[in-house]
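Examining the three-dimensional arrangement
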Amino acid sequence: MQIKKNDKVMVLSGKNKGKTGEVLQVIKSTNRAIVSKVNMVKKTVKPTQNQEAGLIEVEAPINLTNLQVVCVKCNKPTRVKKDILSDGKKVRVCKKCGEIII
Ligand SMILES: [Zn+2]
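Residues numbered from 1 in each chain as written. Predicted model: local features only at pLDDT ≥ 70, side-chain atom pairs only at ≥ 80, totals over all residues. Heavy atoms only, no water.

1. Here we look at the overall build of the chain
Regarding its fold elements, the chain presents zero helices and ten strands. What you see in the chain, going N to C, is helices and strands ordered as β-β-β-β-β-β-β-β-β-β. At 17 Å, the chain has a C-alpha radius of gyration far larger than the 13 Å of a compact globule built from 102 residues. Counting only C-alpha atoms and orienting by the principal axes, one finds that the chain spans roughly 55 × 30 × 25 Å. The 102 residues of the chain split such that 30% are buried. Nonlocal contacts in the chain, meaning residues at least 24 apart in sequence, comprise 35% of its contacts between residues at least 6 apart. Summing over all exposed atoms, the chain offers an accessible surface of approximately 7,300 Å²; the carbon and sulfur share of this is 49%. Distance between charge centroids for the chain: 7 Å, based on 22 positive and 8 negative side chains. (Helix = DSSP H or I, 4+ residues; strand = E, 2+ residues; numbered from the N terminus. Rg over C-alpha atoms; globule rule 2.2 N^0.38 Å. Buried < 20%, exposed > 50% of the residue type's maximum accessible area, 1.4 Å probe, protein only. Contact = heavy atoms within 4.5 Å. Areas by Shrake-Rupley, 256 points an atom, 1.4 Å probe, with all protein chains shown as cover. Lys, Arg positive; Asp, Glu negative; His and termini not counted. Charge placed at Lys NZ, Arg CZ, Asp CG, Glu CD.)

Next up, the structure:
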């Protein structure tokens, strides 16, 4: 299971099940990822010179095991496999349709 930054992913379980978003950050140390506009939590911010105090919404990390890459061709969450192109470049491809997921 490989999820990388900028991947389009779908949440497979939990309260955000079925939601899709783009991976903003992968946190390898905790096996979690931050997905844009998914798993939003309210956070209090202290006032700074540039910002007033208040509540902001930020993305909370989601466990990688709850995420699956969405294939652009199938438009569904899919398992990916590793493949090596003729020029030696390593890529991930959709197990269903063979589309290359960059
Ligand atoms: Zn596919």
